[in-house]
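Results of the structural survey
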Amino acid sequence: MTTQSLIIDCDPGVDDAVALMLAFGAARLELLAVTTVGGNVPLKKTTRNALMLRQIAGRGDVPVRGGADRPLRRKPSSASEFHGEEGLGYLPPFTPDRGIADGHGVDAIIDNVMSRPEGSVALAILGPMTNLAHALRKEPMIQKRLGPVAVMGGARSEGGNITPSAEFNIWADPEAADEVLRSACPVVMFGLDVTHLVRATDARIARLAALGTARGDTAAAMMRFSQDVEKRIVGWDAPPIHDPCPVAWLMNPDLFTLKPCRIAVEVQSELTRGHTAVEFRVDPETAPHRWATGVKADGVFDLIAESCS
């Protein structure tokens, strides 16, 4: 089994929590670091949440470093109505046994990428792209050395979840997304078009709860909270579980259908701020990006169950 070296950049967040449970328990991933960013809730909370989740998963070996606390140019925003005031749904906050590692999250990305073989380190971005944008400004060489940059963000046919045309992670820091997508980073984007197909049904939640493990209980609790919120706000019985998708793809690419494309982000108009313009009319051989269009959702949940066992 080939092992993929990985950095997870995230803003936990209930679906980030499920993605972290997936990654923390995955034998096929060498998890180099978890870096945090302000997004779903402020940076102080996302960093604490990452430390809490690391402790629950029993992965004290994975360093957690705090990153950017605000977007490149915008005022900070949050999505606490979908994640709870503390970011992890019904899970009460606690003081983790271990704190963050020395250094900044941006430097953790740079140092890991630059110190390892070219193309060997993947980056999964599950929140705003602020940390990678800062890293590219500080060390432009990483865009040539990074492996796949698997991003949860954007929307095309599904429309947005924060505005009619924008998904939250891109909307929260559109300038950062714009800089990343204009770089040479090999971006693969998992937008709402595909994440809305990965739904936490009652049966899938029950399967995780039945595992009787801390990781399984935590993932199930996050999904139950999302289920309650989505029923109240949107009217859906089974909420989409967005952030595990990039991690699942890195573990098993066959679960997803990707199309070569070029992706641009709207940064000028407030009406369409953060809109992702996905253009498929490109030469597949030279297309700079890939966009997820299909997924085997049962396979994603199989991976989550396997990692949470």
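To be clear, the structure that these remarks concern was listed above.
What you are looking at is a predicted structure, and each value in this text was computed from that prediction instead of being measured. Once a new chain begins, its residue numbering starts again from 1 and follows that chain's sequence as written. In keeping with the predicted nature of the model, local features appear solely for residues at pLDDT of at least 70, side-chain atom pairs appear and are counted solely at 80 or more, and the whole-chain, interface and lining totals rest on all residues. Side-chain measures were taken over the full set of non-hydrogen atoms in the model, leaving aside hydrogen atoms and water.

**Re the overall build of the chain**
The test is simple: Helix and strand assignments follow DSSP, with helices taken as H or I runs no shorter than four residues and strands as E runs no shorter than two, numbered in order from the N terminus. As a reference, a globule follows 2.2 Å times the number of residues to the power 0.38, and the radius of gyration itself is taken over C-alpha atoms. The rule is simple: take the accessible area with a 1.4 Å probe, protein chains only, and divide by the maximum for that residue type; under 20% is buried, over 50% is exposed, in between is partly exposed. In this description, accessible areas are obtained by the Shrake-Rupley approach with a 1.4 Å probe, and a residue is regarded as covered only by the protein chains that are shown. When charges are counted, neither His nor the chain ends are considered; positive counts come from Lys and Arg and negative counts from Asp and Glu. We put the charge of a Lys on NZ, of an Arg on CZ, of an Asp on CG and of a Glu on CD.
When you go through the chain residue by residue, the secondary structure sums to 13 helices and nine strands. Relative to the 2.2 N^0.38 estimate, which gives 19 Å for 309 residues, the radius of gyration of the chain is 17 Å and therefore close to what a compact globule would have. Along the three orthogonal principal directions, the C-alpha set of the chain runs to about 45 × 40 × 40 Å. Classification of the 309 residues of the chain by burial places 59% in the buried group. Total accessible area on the chain is roughly 12,300 Å²; 50% of this is exposed by carbon and sulfur atoms. Mean positive and mean negative side-chain charge positions of the chain (32 and 38 charges, respectively) differ by 1 Å.

**Here's the deal with the pairing of strand β8 (residues 276-279)**
The side chains of a regular strand alternate, first on one face of the sheet and then on the other. Counted only if it meets this: For two strands to count as paired, DSSP must find a minimum of two bridges between them.
Residues Thr 276 and Val 278 of β8 are buried on one face, while the alternating residues Ala 277 and Glu 279, pointing to the opposite face, are not. Pairing of strand β7 (residues 256-265) with β8 involves four bridges; the strand directions are antiparallel. Its bridge partner lying in β8, Ala 264 is registered against Ala 277.

**Considering unusual backbone geometry**
Here the bond from Pro 12 into Gly 13 is cis, since omega is -5°, no more than 30 degrees from zero. Checked against the element boundaries, Gly 13 lands in the loop between β1 (4-10) and α1 (14-24).

**Thoughts on the layout of surface pockets**
We apply this condition: Using a 1 Å grid laid over the protein atoms alone, points where a 1.4 Å probe fits but cannot get out form a cavity; open sets with protein on both sides within 12 Å along at least 5 of 7 lines form a pocket; any residue with an atom within 4 Å of a point counts as lining. Grid points are joined across faces, edges and corners, and a volume is the space filled by probe spheres set on the points. Under the grouping applied here, Gly and all other residues not named as nonpolar or charged are polar, the nonpolar ones being Ala, Val, Leu, Ile, Met, Phe, Trp, Tyr, Cys and Pro and the charged ones Asp, Glu, Lys and Arg.
Estimates place the volume of the largest pocket at around 430 Å³. In this structure, the largest pocket is lined by 27 residues; those nearest its centre are Phe 82, His 83, Asn 161, Glu 230 and His 242. Looking at the lining of the largest pocket, the elements with two or more residues in it are α1, α3 (80-83), α7 (168-172) and α11 (214-233). Residues that form the lining of the largest pocket fall into these classes: twelve nonpolar, eight polar and seven charged.

**Structural notes on the nonpolar core**
Applicable threshold: Among buried residues, those of type Ala, Val, Leu, Ile, Met, Phe, Trp, Tyr and Cys that are joined through side-chain atoms within 4.5 Å constitute a nonpolar core. Contacts are assigned to residue pairs that have any heavy atoms within 4.5 Å of one another.
Membership of the largest hydrophobic core comes to 59 residues, with the highest contact counts inside it found for Ile 8 and Phe 256. Sequence-distant contacts of Phe 256, defined by excluding residues within four places in its chain, comprise Phe 190, Val 194, Cys 245, Ala 248, Trp 249, Gly 294, Val 295 and Val 300. Counting 35 residues, the second-largest nonpolar core is a separate cluster that includes Val 121, Ile 142, Val 187 and Trp 291.

**Description of the state of the cysteines**
Quick reminder of the rule: Throughout, a disulfide means two cysteine sulfur atoms within 2.5 Å of one another.
Using the criterion set out here, one finds zero disulfides in the structure. Free of any disulfide, Cys 185 has its nearest cysteine sulfur in Cys 261, 15 Å distant. With no disulfide of its own, Cys 308 has Cys 245 as its nearest cysteine by sulfur position, at a separation of 15 Å.

**Describing the environment of Gly 216**
With respect to the element layout, Gly 216 can be found in helix α11. Take Gly 216: its relative accessible area is 0%, and that puts it in the buried class.

**Regarding helix α10 (residues 202-209)**
Definition in use: Starting at the helix axis, one direction is taken to each C-beta atom, and the arc is that of these directions.
Listed in full, the buried residues belonging to α10 are Arg 204, Ile 205 and Leu 208. With its buried residues spanning 100° around the axis, α10 presents them on a single face. Exposed and oriented more than 90 degrees from the buried face of α10 are Asp 202 and Ala 203. Residues of α10 that are buried in the fold lie against α11 and α13 (297-308).

**Comments concerning the side chain of Arg 54**
The condition is simple: Basic side-chain nitrogens of Lys or Arg form a salt bridge, by our definition, when they fall within 4 Å of a carboxyl oxygen of Asp or Glu. Pairing of N or O atoms within 3.5 Å defines a polar contact, subject to two protein rules: one partner must be a possible hydrogen donor and the other a possible acceptor, and residues neighboring in sequence count only if both atoms are side-chain atoms.
By the element assignment, Arg 54 lies in helix α2 (residues 43-57). Here Arg 54 is buried and forms no salt bridge, its nearest opposite-charge partner Asp 61 lying at an N-O distance of 7.6 Å. A polar side-chain atom of Arg 54 sits 3.3 Å from the main-chain carbonyl oxygen of Gly 99. Look past the residues within four positions of Arg 54 in its chain and what remains in contact with it is Phe 24, Arg 59, Gly 60, Val 62, Pro 63, Val 64, Arg 98 and Gly 99.

**Quick look at α11**
Note the threshold: Take the residue count of a helix, subtract one, and multiply by 1.5 Å to get its expected span.
Relative to the 28 Å expected for 20 residues at 1.5 Å per residue, α11 spans 29 Å between its end C-alpha atoms, a close match to the ideal helical length. All of the buried residues along α11 are Arg 215, Gly 216, Thr 218, Ala 219, Ala 220, Met 222, Met 223, Phe 225, Ser 226, Gln 227, Val 229 and Glu 230. Just downstream of α11, Gly 235 is the residue with a positive phi angle, here 95°.

**Things to note about the sheet that holds strand β9 (residues 289-295)**
Rules: Note on method: axes are straight lines fitted to C-alpha atoms, helices fitted across the in-contact stretch only, with angles between N-to-C directions ranging 0 to 180 degrees.
One open sheet accounts for nine strands, arranged β3-β2-β1-β4-β5-β6-β9-β7-β8; its pairing is mixed. For this open sheet the edge positions go to β3 (64-66) and β8, each flanked by a neighbour on one side alone. Each neighbouring strand pair of the sheet contributes to a mean axis angle of 30°, computed without reference to strand direction. Bridge count for strand β2 (residues 29-36) against β3 is three bridges, and the pairing is parallel. Among the inter-strand pairings, Thr 36 is bridged to a residue of β3, identified as Gly 66. Running at roughly 150° to β2, helix α4 (residues 105-114) makes contact with β1, β2, β3 and β4 (121-125) of the sheet.

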